[in-house]
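Topology and contacts: notes
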Amino acid sequence: EMIELQPSLTLIKGMATAQASQFWQSVMTISRQSPFRKMQTPGGQWMSAEITNCGTVGWVSDRQGYRYVNRDPLTDQPWPLMPVTLYEFACEAASRAGFEGFSPDICLINRYRIASKMGLHQDRDERDFAQPIVSVSLGLSANFLFGGERRNSSTQSILLEHGDVLVWGGPLRKYFHGISKIYPGDDPLTGPYRVNLTFRRAL
Ligand code: MD5
Ligand code: FE
């Protein structure tokens, strides 16, 4: 089921359900090579979600700022390769939502526990804002907040469940968004976690 929440913001309910256990296996393989870790914001706060990456670059944050880097600072090795199945899935989702020619070079993987949140923020560390972002949700459900151009713009609340795929781009690409709540539960695949895969074109 494809729901256009707003022009350029498409929710594809359950698109990842059939491949979820395969994607989860990929996440576990990736996190054995580049473990989930907490990151510090430039302001010195610790983010509550734990992150890792796969792809030719990875997104990191520390006291120096947010940026994409070629190597995992934890291991000093390149980030794990993006599995072809994940790459092709993200391209297909973008295409269904009307964004032809998406070619993600990074997948940021966020792991949330029940108490984790992600404050309102913009994704603006990428070079080409004409490229959309594709987000895949696995495991526990979340309340996703979608705002506007300004931090204090009003927000719309969207329930993201296991297998849901969100594609957004165009004029909404730099809108504020965040995760306000993770619903408690024990997911058959992920246990106490919500895992979100965010595919982007960084370079
Ligand atoms: C997440 N991740 O669920 C969130 C939301 C991030 C991040 O925001 O930067 O890692 S998935 C991203 C998302 C989905 C749908 C729309 C928008 C962002 N948006 O309009 O900006 O871990
Ligand atoms: Fe974001």
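Structure: see above.
This text gives an overview of the structure that appears in the document. Quick caveat: nothing in here was measured; it's all calculated off a predicted structure. In this convention, every chain numbers its residues from 1, walking through the sequence in written order. The order in which chains are written sets their letters, starting at A; the order in which ligands are written sets their numbers, starting at 1. For this predicted model, a pLDDT threshold of at least 70 governs which residues receive local features, and a threshold of 80 or more governs which side-chain atom pairs are given and counted, while totals over whole chains, interfaces and linings are taken from all residues. Side-chain descriptors were evaluated using all non-hydrogen atoms of the structure, hydrogens and water having been removed beforehand.

**A word on the overall build of the protein chain**
- Every helix listed is a DSSP run of H or I at least four residues long, and every strand listed is a run of E at least two residues long, numbered separately from the N terminus. Looking only at helices and strands, the protein chain features two helices and 15 strands.
- Radius of gyration here is computed from C-alpha atoms only, and the compact-globule reference equals 2.2 Å multiplied by the residue count raised to the power 0.38. Relative to the globule expectation of 17 Å for 203 residues, the C-alpha radius of gyration of the protein chain, 16 Å, shows essentially globular dimensions.
- We call a residue buried when its accessible area falls under 20% of the maximum for its residue type, exposed when it is over 50%, and partly exposed in between, using a 1.4 Å probe and counting protein chains only. The buried share of the protein chain, taken over its 203 residues, is 53%.
- In this description, contact between two residues means that some pair of their heavy atoms is separated by no more than 4.5 Å. The long-range fraction of contacts in the protein chain, counting pairs at least 24 apart against all pairs at least 6 apart in sequence, stands at 73%.

**A short note on the sheet that holds strand β9 (residues 118-121)**
- As summarised here, the arrangement of the four strands in space is β9-β14-β11-β12, forming an open sheet in which the pairing is antiparallel. If you trace the sheet from one side to the other, it starts and ends with β9 and β12 (156-160), each paired once. Looking at each pair of strands side by side, their axes are set apart by 25° on average, direction ignored. Strand pairing is defined by DSSP finding a minimum of two bridges between the two strands. Orientation is described by lines fitted to C-alpha atoms, with helices fitted over the stretch in contact, and by angles between N-to-C directions that extend from 0 to 180 degrees.

**Focus on the site of ligand 1**
- Whether a residue is near a molecule or strand is decided by its heavy atoms; if any one of them lies within 4 Å of it, the residue is near. In the vicinity of ligand 1 there are 17 residues, among which Tyr 112, Phe 146, Trp 168, His 177 and Arg 194 approach most closely.
- Any N or O atom pair separated by 3.5 Å or less is treated as a polar contact, with the protein-specific requirement of one donor-capable and one acceptor-capable atom, and with residues adjacent in sequence counted only for side-chain atom pairs. Between His 121 and ligand 1, the recorded distance is 3.0 Å, taken from a side-chain N or O atom to an oxygen atom.
- In this structure, Arg 200 approaches ligand 1 through a side-chain N or O atom, which is 2.9 Å from an oxygen atom.
- Residues are said to line a cavity or pocket when one of their atoms sits within 4 Å of a point; the points come from a 1 Å grid over protein atoms alone, cavities being sets where a 1.4 Å probe fits but cannot get out and pockets being open sets with protein on both sides within 12 Å along at least five of seven lines. What decides whether a molecule sits in a cavity or pocket is whether more than half of its atoms lie within 2 Å of the grid points. Taken atom by atom, the bulk of ligand 1 overlaps the largest pocket.
- Put simply, the parts of the chain that give the shell around ligand 1 at least two residues each are β8 (106-112), β9, β11 (142-146), β13 (165-168), β14 (177-182) and β15 (194-200).

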